[in-house]
Amino acid sequence: MRRWTRGHADSRGHAGDTGDTGSTGPSSRNGRNGRRRTRWKRTLTALALTTAVVAATAGWAAGSGQRPVTGPPPGSQEWRADTSLGRALPDPASATPTEIAAFFRTLTSAQRQGLARRHPSVVGNLDGAPVELRYEANATALRRDARFAHLAGRQVLAFDPRGRGQVAEVYGDLTRGHRVAVVVPGSDIDAGTYDRPTDPYGTPAGMARQLRAAAPGTAVIAWAGYTTPVGVGLDAATGGLAEAGAVRLARLADGLAAQGAPAPAVFCHSYGSVVCGLAAPRLRARDLVVLGSPGMRADTVADLRTGARVWAAKVPADWISRVPNVQLLGLGHGADPASAEFGARPVPAAGASGHTGYFAPGTESLRTFAAIARGDVR
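The model shown is predicted, which means the values in this text are computed figures rather than measured ones.

A. Geometry of the overall build of the chain. When you go through the chain residue by residue, the secondary structure sums to 11 helices and 8 strands. Every one of the 378 residues in the chain was classed for burial, and the buried ones make up 51%. Sequence-distant contacts, at least 24 apart, represent 65% of the contacts inside the chain between residues at least 6 apart. When the accessible surface of the chain is totalled, it reaches about 17200 Å², and 53% of it is carbon and sulfur.

Written as structure tokens, this is what we have:
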């Protein structure tokens, strides 16, 4: 088992540190005031730089203001009206994954299959429902949608055609695996882009495949299950879409727990780390691993209020390093999780290149990700 250790930060002296620290004279007060002004100037400068980065890249309107897909799955009204079992079906809008799991345990196989045939879009998206039944229901729903029918033969754990489309695909055996991992993507990902052959390491499906290959025996979920920002615009610089995504991510993990799966290691890329940061206090996770992160809307690991171990990876060549780590008036995502001050465990990333190279074969980051997914580090 690999052991994680943190090196001690180098001490750095500052001019004036050798003076009387208890002094309250004019020079001391002037010094404090000067430091406050300096910090304020740095904040304003960082805010201006953030605005400039977004505007220069795509403009504030480039993201076209995405509306998050929220609420119960399509077909819920017909589901609620179904009286075929002689009793009310659990309301997708209010029933917890634990309650969903308990309900399905009371049904016969024929009753389960009947619900999946009549309400594939509901059963396929019910966190807490049996995994294999969800695969079958989503295959039915996918075959009815010409845009995504090619996904019908895959292990699709969730499929929502609303908006740009959302999907979650499982690599490996989720019902028998001793370890589970979830990949949470950043901007420009939806049901049509989550698996692009031209970007084998930058999409959630590509990341999941690489992690599964590096950590055999681990079931990996490529989770494109929230409305992501489009481009580098206002949506990407604010937390609205991440807040909606955090609710869905936490419910996914609750559904896994309701089916007896172990707490997952969650890998959060780019804007996905904002989702993970907001979900952290209520997210059932063993590990939170952020890579290429613009921030988690927290100043330190302690601010995340999670019992999960928190890891961070970022290489100098990643363009996200040029985005200032500020949070002011709702703009920006706060401290850099890869900084020593944040307190996350550092992930070595030798060999990784750019913003989407962390899962590339042969990189130190992928080797470490695999060790985390397997539970081989402590």
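Back to the write-up after that little detour.
B. Layout of the pattern of salt bridges. Taken as a whole and assessed by the stated rule, the structure comprises 19 salt bridges. Measuring nitrogen to oxygen at the nearest pair gives 3.9 Å for the salt bridge that ties Arg-251 to Asp-127. Of the two residues, Arg-251 is situated in helix H9 (residues 240-258) and Asp-127 in the loop between helix H5 (120-123) and helix H6 (131-143); the sequence distance between them amounts to 124 residues. Arg-176 is the partner of Asp-173 in a salt bridge, and the nearest nitrogen-oxygen pair spans 3.3 Å. Judged by relative accessible area, Arg-176 falls into the exposed class, the value being 63%. Several salt bridges converge on common partners, so that one network encompasses Arg-154, Glu-169, Asp-195 and Arg-209.

C. Molecular detail of the sheet that holds strand S3 (residues 179-184). Taken in spatial order, the 8 strands make up an open sheet running S1-S2-S4-S3-S5-S6-S7-S8, and their pairing is mixed. This sheet does not close on itself; its edge strands, each paired only once, are strand S1 (156-160) and strand S8 (345-346). Bridge analysis of strand S5 (residues 265-269) against strand S6 (residues 287-291) gives 5 bridges, and the strand direction is parallel. Bridging from a neighbouring strand, Cys-268 pairs with Val-290 of S6. Across the sheet, H6 touches S1 and strand S2 (166-171), and the angle it forms with S1 is around 40 degrees. Running at roughly 135 degrees to S5, helix H10 (residues 272-279) makes contact with S3, S5 and S6 of the sheet.

D. Examining the packing of aromatic side chains more closely. Summed over all chains, the structure comprises 6 aromatic pairs. Plain terms: the ring middles of Phe-103 and Phe-104 are 5.2 Å apart, the flat faces sit at 75 degrees to each other, and that makes the pair edge-to-face. Ring centres of Phe-359 and Phe-369 lie 4.8 Å apart, and the angle between their planes is 45 degrees; on these two criteria the pair is classed as tilted. Taken together, the positions of Phe-359 in the loop between S8 and helix H11 (364-374) and Phe-369 in helix H11 put the pair 10 residues apart, joining distant regions of the chain.

E. Geometry of the confidence of the model for the chain. A residue-level look at the chain finds 83% of positions with pLDDT of 70 or above and a mean pLDDT of 88. Ignoring residues within four places in sequence, the model shows residues 5-24, a span with pLDDT below 50, making 8 contacts including any to other chains. Here residues 38-63 scores under 50 on pLDDT; set against residues more than four positions off or in separate chains, the count is 31 contacts.

F. Region of interest: the side chain of Thr-203. Mapped onto the fold, Thr-203 is located in the loop between S3 and helix H7 (204-214). Residues contacting Thr-203, with those up to four places away along its chain left out, are Thr-193, Tyr-194, Asp-195 and Arg-196.

G. The environment of Val-183, seen in detail. Tracing the chain through its elements places Val-183 in strand S3. In contact with Val-183, not counting residues within four places along its chain, are Pro-204, Met-207, Ala-208, Val-220, Ile-221, Ala-222, Trp-223 and Phe-267.

H. Expanded view of the state of the cysteines. Overall, the coordinates contain 1 disulfide when judged by the stated rule. Paired by a disulfide, Cys-268 and Cys-276 hold their sulfur atoms 2.1 Å apart. Around the S-S axis, the bridge from Cys-268 to Cys-276 shows a dihedral of about -95 degrees and counts as left-handed. Accessibility assignment for this pair places Cys-268 and Cys-276 in one class, buried.

I. Highlighting the nonpolar core. Counting 43 residues, the largest nonpolar core has Leu-174, Ile-221, Leu-249 and Leu-288 as its most contacted members. At 7 residues, the largest contribution of residues to this core is made by H9. Each residue touching Leu-174, except ones within four places of it in the same chain, is listed here: Val-131, Tyr-135, Leu-157, Val-180, Ala-219, Ile-221 and Leu-256. Core analysis: the next-biggest nonpolar cluster, separate from the first, contains 41 residues, Ala-181, Ile-189, Trp-311 and Phe-369 among them.

J. Geometry of the pairing of S5. The element S5 is largely enclosed, with a buried count of 5 among its 5 residues. Of the two faces of S5, the one carrying Ala-265, Phe-267 and His-269 and the one carrying Val-266 and Cys-268 are both buried. For the crossover that starts at S5, traverses H10 and ends in the parallel S6, the hand is right-handed.

K. Examining helix H4 (residues 109-118) more closely. Taken together, the buried positions of H4 are Gly-114, Leu-115 and Ala-116. In the core, the buried residues of H4 are packed alongside helix H2 (76-81), helix H3 (97-105), H5 and H6.

Rules used throughout
- Residues numbered from 1 in each chain as written.
- Predicted model: local features only at pLDDT ≥ 70, side-chain atom pairs only at ≥ 80, totals over all residues.
- Heavy atoms only, no water.
- Helix = DSSP H or I, 4+ residues; strand = E, 2+ residues; numbered from the N terminus.
- Buried < 20%, exposed > 50% of the residue type's maximum accessible area, 1.4 Å probe, protein only.
- Contact = heavy atoms within 4.5 Å.
- Areas by Shrake-Rupley, 256 points an atom, 1.4 Å probe, with all protein chains shown as cover.
- Salt bridge = Lys/Arg side-chain N within 4 Å of Asp/Glu carboxyl O.
- Pairing = 2+ DSSP bridges.
- Axes fitted to C-alpha atoms, helices over the stretch in contact; angles between N-to-C directions.
- Phe/Tyr/Trp six-rings, centres within 6.5 Å; stacked < 30°, edge-to-face > 60°.
- pLDDT = per-residue confidence, 0-100.
- Disulfide = S-S within 2.5 Å.
- Core = buried A, V, L, I, M, F, W, Y, C linked by side-chain atoms within 4.5 Å.
- Right-handed = clockwise from strand over helix to strand, strands pointing away.

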